[in-house]
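Observations on the model geometry
If you want the building blocks of each chain, they are given just below.
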Amino acid sequence: MASLAWLSDGTYHDDDLTHVLFARDAWESPRLFLHAWGRPGFTVPYALVAWIGDVDSGLMAARGLSIALTLGTGLLLIGPARRLGVKRPLLVPALWLVMPLVFRAGFASLTETPAAFYVALGAHLLARDRHRTAAVALSLLAITRLECLPLLAALGLYWVFRRRLIPALLLGAAPVAWNLISYFALGEVPARIYFARYDGIADAYGTGSLTFYVVRSVEAMGLPALVAASLGSWVLLRRRGDVPKDDLALLVSLGWPAWIALHTWLYWRNDHASGGYARFLIPGLPLASLAAAVGLGRPHRSSLSAAGAVDRWKPEKGGRR
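This write-up is about the structure you can find in this document. Here the structure is a predicted model, which means the values were calculated and not measured.

A closer look at the packing of helix H15 (residues 223-238) against helix H16 (residues 247-269)
- In contact at an axis separation of 9 Å, H15 and H16 are set at 140 degrees when each is read in the N-to-C sense. As the angle between them shows, H15 and H16 are arranged oblique. As H15 packs across H16, the resulting crossing turns out to be left-handed. Counted together, Leu226, Ala229, Ser230, Ser233, Leu236 and Leu237 of H15 and Ala249, Val252, Ser253, Leu254, Trp256 and Pro257 of H16 form the full contact between these two elements.
- When grouped by side-chain class, the residues that make up the contact of H15 with H16 number nine nonpolar, three polar and no charged.

Set out below in structure tokens:
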């Protein structure tokens, strides 16, 4: 990825450069830190490096940060892999890094890269049963990729059902803070963009069928990984005894298919300015990597608790253990 970033004389997408310019200019115009198009979940961390040198140097520095976040995403998946009973946890970051679109766009300065990092961070914290901090990490998705709101709402309702009220409320921490700061500092409410509809956008960006993003998912993760992830999700949903159906297993098994389904619906309707790009699926690929690792091998025969894998107690013949 570093070689691709160094050799590239263009950008993956026009948005790539535009996001860097938002982060670069935010120091001179602080309102850009809160701008809805720039996305605070991207602008704030990338502003730390985008100011370096001229625009070309700032772009290269932003690419360096993207590479670090992409690698960090893979490392954060090792803990969840262990919690799910994957025999070779290092397989998960390997699967993540070799997915075609991750390799091609993992160094680009696009919002999907930090969004995937926040997903992996949330999964990492859930694997350690730190639901509150996991909720805060996942809430950062709402100020990085705006379309995630329905999925966060579904997770919040599930946690309310499980009587985890504080984590459910904390899923709104980042978007609530964003809107409050924007209102008191600028007199603006960015939340309006969540509900904005655009006339004629379907003619400009096109629309897709109900199978459109299934094809895009092959482009994003590759057919072998898609098949393995589908099998892994099925295993996690049906598993009994070996691994409990905890929040992490539920997030991994249903999270990435729900992300694909969400973008399928958005582009099928396309009244919220969806471009129909395959890169929109990148935030769901960390979960797909975990599911694929489960699908590629039988997990340990152990029961996982909050402290990690705990072997079942079995009495031995002729005595006790």
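Regarding the side chain of Thr144
- Inspection of the secondary structure assignment puts Thr144 in the loop between helix H9 (131-139) and helix H10 (149-161).
- Given a relative accessible area of 0%, Thr144 falls into the buried group.
- From its side chain, Thr144 meets the backbone oxygen of Leu140 in a polar contact 2.7 Å long.
- Among all residues touching Thr144, those that are not within four sequence positions of it are Arg39, Gly41, Phe42, Thr111, Pro114, Ala115 and Tyr118.

A word on helix H3 (residues 40-50)
- Within H3, burial applies to Pro40, Gly41, Phe42, Thr43, Tyr46, Ala47 and Ala50.
- On its buried face, H3 is in contact with helix H2 (14-25), helix H4 (55-76), helix H8 (112-127) and helix H12 (173-186).

Some words on the pattern of salt bridges
- On inspection of all chains with the given rule, the structure shows 10 salt bridges.
- Residue Arg145 pairs with Glu112 through a salt bridge whose shortest N-O separation is 3.1 Å. Within this pair, whereas Arg145 is found in the loop between H9 and H10, its partner Glu112 is found in helix H8, the two being separated by 33 residues in sequence. Each member of the pair, Arg145 together with Glu112, is buried.
- The partner of Arg279 in a salt bridge is Glu112, with the nearest N and O atoms 2.8 Å apart.

So, H12
- With 14 residues, H12 ought to run about 20 Å at 1.5 Å a step, and its terminal C-alpha atoms sit 19 Å apart, in line with that.
- If you check which residues of H12 are buried, you get Ala174, Pro175, Trp178, Asn179 and Ser182. Down the axis of H12, the sector holding all buried residues measures 130 degrees, keeping them to one side.
- Packing partners of the buried residues in H12 comprise H3 and H9.

Some details on the nonpolar core
- Residues Leu84, Met221, Val252, Trp256 and Leu285 are the most contacted members of the largest nonpolar core, which totals 68 residues.
- The next biggest cluster of nonpolar side chains, apart from the first, holds 13 residues, and it includes Ala23, Ala26, Leu59 and Leu69.

Points about the packing of aromatic side chains
- Within the structure shown, the criterion is met by nine aromatic pairs.
- Aromatic pair Tyr213 and Tyr267: ring centres 6.5 Å apart, planes at 85 degrees, arrangement edge-to-face. Here Tyr267 lies in helix H16 and Tyr213 lies in helix H14 (residues 212-221), a separation of 54 residues in the sequence.
- Given a relative accessible area of 0%, Tyr213 falls into the buried group.
- Considering the side-chain rings of Tyr277 and Phe280, the 5.3 Å spacing of their centres and the 65 degrees angle between planes classify their relative orientation as edge-to-face.
- We classify Tyr277 as partly exposed; its relative accessible area is 27%.
- Residue Phe280 is classed as buried on the basis of its relative accessible area of 8%.
- These aromatic residues form a ring-pair network of at least three members: Phe212, Tyr213 and Tyr267.

Reading the values: rules and limits
- Position labels on residues start from 1 in each chain and follow its written sequence.
- Totals for whole chains, interfaces and linings use every residue, but because this is a predicted model, local features are given only for residues with pLDDT of at least 70 and side-chain atom pairs only at 80 or more, for both listing and counting.
- Remark: hydrogens and water are excluded; side-chain values derive from all non-hydrogen atoms of the structure.
- Note on geometry: axes are lines fitted to C-alpha atoms, helical ones only across the stretch in contact, with angles between N-to-C directions running from 0 to 180 degrees.
- Helix and strand definitions follow DSSP, with helices as H or I runs of at least four residues and strands as E runs of at least two, each counted in order from the N terminus.
- Angles are sorted into four bins: roughly parallel if under 35 degrees, roughly antiparallel if over 145, roughly perpendicular if 65 to 115, and oblique for all others.
- By definition, any crossing whose near helix is turned counterclockwise from its far helix by less than a right angle is left-handed, and any crossing with a clockwise turn is right-handed.
- Whether two residues touch is decided by their heavy atoms; if any such pair falls within 4.5 Å, the residues are in contact.
- All residues other than Ala, Val, Leu, Ile, Met, Phe, Trp, Tyr, Cys, Pro, Asp, Glu, Lys and Arg, Gly among them, are scored as polar; the first ten of these are nonpolar and the last four charged.
- Each residue is assigned to one of three classes by its accessible area relative to the maximum for its type, calculated with a 1.4 Å probe on protein chains only: buried under 20%, partly exposed between the two thresholds, exposed over 50%.
- Here a polar contact is taken to be a pair of N or O atoms separated by no more than 3.5 Å, where protein atoms must pair a possible hydrogen donor with a possible acceptor and residues adjacent in sequence count only if both atoms sit in side chains.
- By salt bridge we mean one thing: a side-chain nitrogen of Lys or Arg within 4 Å of a carboxyl oxygen of Asp or Glu.
- Every helix has an expected span of 1.5 Å times one less than the residues it contains.
- The arc refers to the directions leading from the helix axis to the C-beta atoms.
- Here the nonpolar core consists of buried residues drawn from Ala, Val, Leu, Ile, Met, Phe, Trp, Tyr and Cys, with membership extended through side-chain atoms lying within 4.5 Å.
- Only rings of Phe, Tyr and Trp enter the pairing, Trp through its six-membered ring, and a pair is recorded when the two centres are within 6.5 Å. The plane angle decides the type: under 30 degrees is stacked, over 60 is edge-to-face, the rest tilted.

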